[in-house]
Protein chains: 4
Amino acid sequence: MAVRAAVAGASGYAGGEVLRLLLGHPEVEVGALTGHSNAGQTLGGLQPHLVPLAGRVLEPTTAEVLAGHDVVFLALPHGQSAAVAEQLGDDVLVVDMGADFRLKDSADWERFYGSPHAGTWPYGLPELPGARAALEGAKRVAVPGCYPTAVSLALFPAYAAGLAEPEAVIVAATGTSGAGKALKPHLLGSEVMGSMSPYGVGGGHRHTPEMMQNLGAVAGEPVTVSFTPTLAPMARGILATCSARAKPGTTAEDVRAAYTKAYADEPFVHLLPEGRWPATASVHGSNAVQVQVALDATAGRVIAVSAIDNLTKGTAGGAVQSMNIALGLPEDTGLSTIGVAP
Amino acid sequence: MAVRAAVAGASGYAGGEVLRLLLGHPEVEVGALTGHSNAGQTLGGLQPHLVPLAGRVLEPTTAEVLAGHDVVFLALPHGQSAAVAEQLGDDVLVVDMGADFRLKDSADWERFYGSPHAGTWPYGLPELPGARAALEGAKRVAVPGCYPTAVSLALFPAYAAGLAEPEAVIVAATGTSGAGKALKPHLLGSEVMGSMSPYGVGGGHRHTPEMMQNLGAVAGEPVTVSFTPTLAPMARGILATCSARAKPGTTAEDVRAAYTKAYADEPFVHLLPEGRWPATASVHGSNAVQVQVALDATAGRVIAVSAIDNLTKGTAGGAVQSMNIALGLPEDTGLSTIGVAP
Amino acid sequence: MAVRAAVAGASGYAGGEVLRLLLGHPEVEVGALTGHSNAGQTLGGLQPHLVPLAGRVLEPTTAEVLAGHDVVFLALPHGQSAAVAEQLGDDVLVVDMGADFRLKDSADWERFYGSPHAGTWPYGLPELPGARAALEGAKRVAVPGCYPTAVSLALFPAYAAGLAEPEAVIVAATGTSGAGKALKPHLLGSEVMGSMSPYGVGGGHRHTPEMMQNLGAVAGEPVTVSFTPTLAPMARGILATCSARAKPGTTAEDVRAAYTKAYADEPFVHLLPEGRWPATASVHGSNAVQVQVALDATAGRVIAVSAIDNLTKGTAGGAVQSMNIALGLPEDTGLSTIGVAP
Amino acid sequence: MAVRAAVAGASGYAGGEVLRLLLGHPEVEVGALTGHSNAGQTLGGLQPHLVPLAGRVLEPTTAEVLAGHDVVFLALPHGQSAAVAEQLGDDVLVVDMGADFRLKDSADWERFYGSPHAGTWPYGLPELPGARAALEGAKRVAVPGCYPTAVSLALFPAYAAGLAEPEAVIVAATGTSGAGKALKPHLLGSEVMGSMSPYGVGGGHRHTPEMMQNLGAVAGEPVTVSFTPTLAPMARGILATCSARAKPGTTAEDVRAAYTKAYADEPFVHLLPEGRWPATASVHGSNAVQVQVALDATAGRVIAVSAIDNLTKGTAGGAVQSMNIALGLPEDTGLSTIGVAP
């Protein structure tokens, strides 16, 4: 094993998931693990499913601890990654699973995050046009948000082919792990089981400008996004239901052809056969993306639906996929397209 | 107790729910219960939660069995209600929880249901403009579909106030009881737990024309509906996320005022205080509807969200509410606005 | 309405459930509602399912606020009820849903709760031999723990009839609401969905001595209880699987007869017909108890299983049932045996 | 890749899980896949999570189709494996995931299965004393039942060390996938979500004699088992809560030492540190077993709890582990101890 990897923020769900994947990655050796309030504790009590690491002790998140690795994964609250990355130096690959380096527009960043913009790093969604090339040999990677991953992969082929008007309407359901391990009343099991509810309605969710950035770049014109996230009674998974008015003259064949072309050679994105629709269970724990698309002739809209595992392809799997590209490893090393179902 | 009620189709989820409500209705006495393949069985094994009726035997669904009641609730597969109703005579109140008499447009009916149109009955969604008056003294009631109930109550105030363009985009999540007790592989617990998936995508769901009918009538112009239903890992509940472009010049105050006015005097529909959003758990087992609305200034859309219990307000509660109106009883008799939560 | 009721601790699950029941109780008017850290907040944000009380403001839990009611329900952390009750005076009915006054043995109390024993009040499980009479006219009621309710009703008929050896083995599964609204990592939705886990294994759960007290009193000899609670991925419900060696010569008919006799006249406990087994969904939101029993001839054990809703019959429903008896109202006033299922 | 594997019964949950594992096994190539009523269909619609096999067509289950493989996994209804195995010849490794060859006692078999006993094959639970050696080089393997796997691993160390009386009491909760894909009303999502219920109570479950066989062999005397399975609202996982009276003089240290010794060198069974208890989520999708044990001094019982994934270690993982041993591969090839959590 040649690649030594450290994980900062190893006690949360994103940190746990990247460790789960790294433990199965044939080229990676797991190095330092750090935490904040949990520093000093063993991982066994915090991530009981990561049996091989049960005895490992979390260290504090400092440059000293993280130094000396080939790759450092950051699973930190937004606003903290820049300082850590700076201290690590330019020869270390830093993969940020947080939001800090995703947005190009400083005004967007400041409006949605309320703090100074740290910059922009190569964007870890290789399926987007041009993104894969930018990741090759990169030393910094900004992993996309989980919702922008699901939404961009559902809709970009329609925009790339010029088939959709630039006003997208998106409703997505997410498993509760997307909200992290924060102890908030509405995340208690008693509250979420048997219940669906929306949040961040009306344009306020921080992932909205990231979706607009991705779709607008592909469309070659600004794309407005109406995004409503909902919390679903499941631990993992995102189902994104996305639509936009079809451009005049668009046929069902045009739509099918656009998606077939976009995903013909992608190892992780699967355009389903006609008549079958994505289900989050099918991609549970895997880096696969299921996509399906239809043209609603009556409503005049392209309807695209994608399913991902928010923690895998939506966070840690996308991070490992990007690491593989950055390091010149085969892109699917240590990653699976096989869901754990039922 | 003066009102004797029969239920045809008492072994399914809609039949069970109307019985649950009728058992708590102070003016109703439960009469004949019928089934099809389950005729001859006791209800105890089919609806184990209906303890007071455990010993009742299901009879076959015939006019003889259903005769002699003041009200007959029909929970039958579509296409069967007309023949039963005809035999019952005009002095019996027939409340159809199926689809047969909801649509006014025969062409719509035939396109979506593939059989001859049976007609149109007074529509059991009293909150819609004009609907309550049409139910008073009625002898026939068509209970709305569960999705059209949720969607119409989420969006009609915007259309009634002329604030929304006539192209609605709707994504709704439903609990599995909406699909009934049919034994289909995708409804197995192993398949639905931990999974979200769409179905009937692209305009094919049978509830779509019913939504268009309701919203178009309120808007005074045809309203196109793009409707995507999704199956959620919960037994009950519908969360409908609905949006439409705001008409030019619409302000957040306009939107708030329209909804406040629409629901000021409705006993079952609760416009939530600003900042709080509906959750299906809050209306579990109750006839209440939670509604919230926002104006997304960036996307230029009105976003309205409603939560109902698909079996209660979405089916059997709406049926009992309509029966109360038809019989001249206080509208909320035997109905609750208190959810069983958590 | 003649009976004015106050609820101390109205923001938690037990407090919310007693309010849900009191709102449907024809003889009760809801008076003061109190909270601790939530005092000053409206109930709408804390208990969004209690629509009719949405605007009510929580007051601090003081004797002044609670004075002037006919009944005061206490849903407080253990150790706090005695002081409150003392200040309320002897003419007010105080129904304690906490643990303080359940145990008769001071040593048991001190061993399991680590504080001085406050005393013993009439025990709110009227189905136990002698318990109903003690509740009539009572001014103080100790509502049983949720697990002891389920376990005592499953096993006492076997002990009352002298059919079981005095060593009971109990494994119970509970919904997460049994753990309350405390913000603990293991109660997050992400952790509980899809998972079963035990806790308090090895005799440490505080409900153990209460079960031994109940069963021992019925058996006329000390009964040892091995109790293992498990947390199940559901919000409500307890399924208690209980067994004990059958006394020599016990037949299946003896067992059946004992349970038939014990529950012949009980309004809330339903011995199921042979061949059917309890399910927590069947009693969801109701005060009903489902019980079934079998004799395992090979293992030589009586196996009794009960299902309750932990918040209803297990807490707030038992409290209201006891209040009804104490006040001389019909025992089932405001209580239902009909579950909200599916 | 040297080992060619066929799977008979590839459309069910056991067949799907063994395929999921074989796809990740570095030494195995997936050969023929067969089905019964699904023969002729592609796997994509039946097992949508097995993306790499989506286009594979199920063939009928015949000796011709299954011939020419190094290993054949059988996931067939009981009673069908003997005929298939006979036709395959003695040089093919046949791993039966069904019940046919688990029991040694013909009378037990006939009493619980109602058909002639087919025989006994080497038993695929290598952690049991002597079992691993019997699997080395074997050409026939009987994979244990999912419950016997969980129960035997929870209890055998206590019996092996002579610390427990020969009357075990077991209550286990299982995810619904344990019941397979059969279309039965009680397995519908609407019925299982939010509900716990027992089945096969009173000694009737077919896995009971298998537990007695395993524990009795270790104890050196017959062990009586009282076994109550319960259905939990989750797709995967078994939590087995097992207990037996401690033999006189047994100390907590004795118990701890027995379990520490039993599992010191086992790659898949993890005795948790004191104070932590198993959770099924921690082993989701993995071949790991979590075990914990306590001595309840008051009740005088040893309480042992285990968590497994019923489809992985409980069925297909145990099958692959046994295959590895039989073929002389490292025992953990293609198997993981890392759960997919949360």
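Remember, it's a predicted structure, so these values are computed and weren't measured experimentally.

## Regarding the overall build of chain A
No. 1: A count of helices and strands for chain A gives 11 helices and 13 strands.
No. 2: Seen through its principal axes, chain A has C-alpha atoms that stretch 60 × 45 × 40 Å.
No. 3: Counting every position in chain A, which comprises 342 residues, the buried fraction comes to 64%.
No. 4: Long-range pairs, those at least 24 residues apart, make up 69% of the contacts in chain A with a sequence separation of at least 6.
No. 5: Accessible area for chain A stands at about 10700 Å²; split by element, carbon and sulfur atoms hold 52% of it.
No. 6: Averaging the locations of the 20 positively and 30 negatively charged side chains of chain A gives two centres separated by 4 Å.

## Digging into the UniProt feature "active site" (unreviewed entry) in chain A
Residues and elements named next belong to chain A.
No. 1: Sites flagged by UniProt as "active site" (unreviewed entry) map to C146.
No. 2: Summarising the element assignment, C146 is placed in helix 7 (residues 146–160).
No. 3: Leave out the neighbours within four places in its chain, and C146 touches H207, I238, I308, N310, G314 and T315.

## Let's talk about the interface of chain B and chain C
No. 1: Counting residues at the interface gives 27 residues for chain B, matched by 27 residues for chain C.
No. 2: Between chain B and chain C, a total of about 2200 Å² is buried, with carbon and sulfur atoms accounting for 65% of that surface.
No. 3: Interface area lost by chain B to chain C is led by H49, I338 and P342 of chain B, which between them contribute 30%.
No. 4: Viewed at the interface, chain C and chain B are joined by 10 residue pairs in polar contact (both at pLDDT 80 or more).
No. 5: Looking at the side of chain B that touches chain C element by element, the count peaks at four residues for helix 1 (residues 13–23) of chain B.

## Section: the relation of the copies chain B and chain A
No. 1: Screw-axis analysis of chain B against chain A gives a translation of 0.0 Å along the axis, an RMSD of 0.0 Å, and a rotation angle of 180 degrees. Here the copies are linked by what is in effect a two-fold axis.
No. 2: With an isologous cut-off of 70% or more, the 100% of interface residues of chain B that recur at the interface of chain A puts this contact in the isologous class.

## Let's talk about the interface of chain B and chain A
No. 1: With 42 residues of chain B in contact, the opposing surface of chain A contributes 42 residues.
No. 2: Together chain B and chain A conceal approximately 3200 Å² of surface at their shared face, both sides included; 66% is due to carbon and sulfur atoms.
No. 3: Joining chain B to chain A, the criterion identifies two salt bridges.
No. 4: A salt bridge links E167 of chain B to R245 of chain A; the nearest nitrogen and oxygen atoms lie 2.5 Å apart.
No. 5: Taken together, chain B and chain A are joined by 10 residue pairs in polar contact (both at pLDDT 80 or more).
No. 6: Of all the secondary-structure elements, those providing two or more residues to the side of chain B that touches chain A are strand 7 (164–174), helix 8 (189–192), strand 8 (197–198), strand 9 (224–231), strand 10 (238–246), strand 12 (289–296) and strand 13 (301–308) of chain B.
No. 7: Top element by residues in the side of chain B that touches chain A is strand 9 of chain B. It accounts for five residues.
No. 8: A per-class count over the side of chain B that touches chain A returns 21 nonpolar, 14 polar and seven charged.

## Notes on the pattern of salt bridges
It is possible for side chains of opposite charge to pair when their charged atoms get near one another.
No. 1: Counted by the stated rule, this structure contains 52 salt bridges over all chains.
No. 2: The residue E127 of chain A makes a salt bridge to K313 of chain A at a minimum N-O spacing of 2.9 Å. One end of the pair, E127 of chain A, is in the loop between helix 5 (106–113) and helix 6 (131–135); the other, K313 of chain A, is in helix 11 (residues 312–327), and 186 residues separate them in sequence.
No. 3: Residue classification places E127 of chain A among the buried positions, given a relative accessible area of 4%.
No. 4: Salt-bridge contacts for R102 of chain B lead to E210 of chain B; the nearest nitrogen and oxygen are separated by 3.8 Å. One end of the pair, R102 of chain B, is in the loop between strand 5 (93–96) and helix 5 (106–113); the other, E210 of chain B, is in helix 9 (residues 208–219), with 108 residues separating them in the sequence.
No. 5: Taken together, the salt bridges that share partners define one network made up of E17, R20, R236 and D309 of chain A.

## Brief notes about the environment of T230 of chain B
No. 1: Structurally, the position occupied by T230 of chain B is in strand 9.
No. 2: T230 of chain B sits in the buried class, given a relative accessible area of 3%.
No. 3: Between the C-alpha atom of T230 of chain B and that of Y199 of chain B, which follows or precedes it by 31 residues, the distance is 6.0 Å.
No. 4: Ignoring sequence-local partners within four residues, the contact set of T230 of chain B consists of L239 and T241 of chain A together with Y147, V171, A172, A173, T174, M196, S197, P198 and Y199 of chain B.

## Remarks on the relation of the copies chain B and chain C
Note that the two copies of the chain are related through a rotation about an axis and a translation along the same axis.
No. 1: When chain B is fitted onto chain C, the two copies agree to an RMSD of 0.0 Å after a turn of 180 degrees and an axial shift of 0.0 Å.
No. 2: A share of 100% of the interface residues of chain B reappears at the interface of chain C, consistent with the copies meeting face to face through the same patch.

## So, the packing of aromatic side chains
All names here are of chain A.
No. 1: Taken as a whole and judged by the stated rule, the model has 16 aromatic pairs over all chains.
No. 2: An angle of 10 degrees between the planes, with centres 3.9 Å apart, marks the rings of W109 and Y113 as stacked. With W109 and Y113 both in helix 5, this residue pair falls four residues apart, about one helical turn.
No. 3: Ring centres of Y147 and F227 lie 4.9 Å apart, and the angle between their planes is 70 degrees; this geometry places the pair in the edge-to-face category. Placement of the pair is Y147 in helix 7 and F227 in strand 9 (residues 224–231), with a sequence separation of 80 residues. Per residue, the accessibility class of Y147 equals that of F227, and both read buried.

## Focus: the state of the cysteines
No. 1: Enumeration over the complete set of coordinates arrives at zero disulfides over all chains.
No. 2: Here C242 of chain A is not disulfide-linked; the sulfur of C146 of chain A is the nearest cysteine sulfur, at 13 Å.

## Quick word on unusual backbone geometry
No. 1: Cis geometry marks the peptide bond from A341 of chain B to P342 of chain B, where omega comes out at 0 degrees.
No. 2: Along the chain, the position of P342 of chain B falls in the segment after helix 11 (312–327).

## Quick notes on the pairing of strand 1 (residues 3–8) of chain D
All names here are of chain D.
No. 1: Of all six residues that make up strand 1, five are buried, and the element is covered over most of its length.
No. 2: The pairing of strand 1 with strand 2 (residues 28–35) spans five bridges and is classified as parallel. Counterpart to R4 in the pairing with strand 2 is E29.
No. 3: With helix 1 (residues 13–23) bridging strand 1 and the parallel strand 2, this β-α-β connection has right-handed handedness.
No. 4: Direction of pairing for strand 1 relative to strand 4 (residues 71–74): parallel, over a ladder of four bridges. Within strand 4, the residue paired with A5 across the bridge is V71.

## Side note on the UniProt feature "domain: Semialdehyde dehydrogenase NAD-binding" (unreviewed entry) in chain A
No. 1: The UniProt entry lists residues 4–136 of chain A under the feature "domain: Semialdehyde dehydrogenase NAD-binding" (unreviewed entry), expressed in the numbering used here.
No. 2: Secondary structure within residues 4–136 of chain A divides into 30% helix and 17% strand; the distance between the first and last C-alpha atoms comes to 19 Å.

## Some points on the packing of helix 1 (residues 13–23) of chain C against helix 11 (residues 312–327) of chain C
All names here are of chain C.
No. 1: Look at helix 1 against helix 11: their axes get within 9 Å of each other, and the N-to-C directions meet at 50 degrees. Between helix 1 and helix 11, the angle is such that the two are oblique. In the crossing of helix 1 with helix 11, the sense of the turn from one axis to the other is right-handed. Side by side, helix 1 and helix 11 meet where A14, E17, V18, R20, L21 and L22 of the first sit next to T312, T315, A316, G317 and V320 of the second.
No. 2: Residues of the contact of helix 1 with helix 11, tallied by class, amount to six nonpolar, three polar and two charged.

## Observations concerning helix 7 (residues 146–160) of chain B
All names here are of chain B.
No. 1: For helix 7, spanning 15 residues, the distance from its first C-alpha to its last is 21 Å, which sits close to the expected 21 Å at 1.5 Å a residue.
No. 2: Residue S152 marks the point of greatest curvature in helix 7, where the axis turns by about 35 degrees.
No. 3: Counting buried residues along helix 7, 14 of its 15 residues qualify, which places the element largely inside the surrounding structure.
No. 4: With its phi angle positive at about 70 degrees, G162 sits one or two positions after the end of helix 7.

Calculation rules
Residues numbered from 1 in each chain as written. Chains lettered and ligands numbered in written order. Predicted model: local features only at pLDDT ≥ 70, side-chain atom pairs only at ≥ 80, totals over all residues. Heavy atoms only, no water. Helix = DSSP H or I, 4+ residues; strand = E, 2+ residues; numbered from the N terminus. Buried < 20%, exposed > 50% of the residue type's maximum accessible area, 1.4 Å probe, protein only. Contact = heavy atoms within 4.5 Å. Areas by Shrake-Rupley, 256 points an atom, 1.4 Å probe, with all protein chains shown as cover. Lys, Arg positive; Asp, Glu negative; His and termini not counted. Charge placed at Lys NZ, Arg CZ, Asp CG, Glu CD. UniProt positions renumbered as here; feature names shortened; annotations may be inferred. Buried area = accessible area lost by both parts, 1.4 Å probe. Polar contact = N/O pair within 3.5 Å; in protein donor to acceptor, adjacent residues only side chain to side chain. Least-squares fit on C-alpha atoms with pLDDT ≥ 70 in both. Salt bridge = Lys/Arg side-chain N within 4 Å of Asp/Glu carboxyl O. Nonpolar A, V, L, I, M, F, W, Y, C, P; charged D, E, K, R; others polar. Phe/Tyr/Trp six-rings, centres within 6.5 Å; stacked < 30°, edge-to-face > 60°. Disulfide = S-S within 2.5 Å. Pairing = 2+ DSSP bridges. Right-handed = clockwise from strand over helix to strand, strands pointing away. Axes fitted to C-alpha atoms, helices over the stretch in contact; angles between N-to-C directions. Parallel < 35°, antiparallel > 145°, perpendicular 65-115°, else oblique. Left-handed = near helix turned anticlockwise from the far one by under 90°. Expected span 1.5 Å × (residues − 1). Bend = angle between axes of the 7 residues up to and from the residue.

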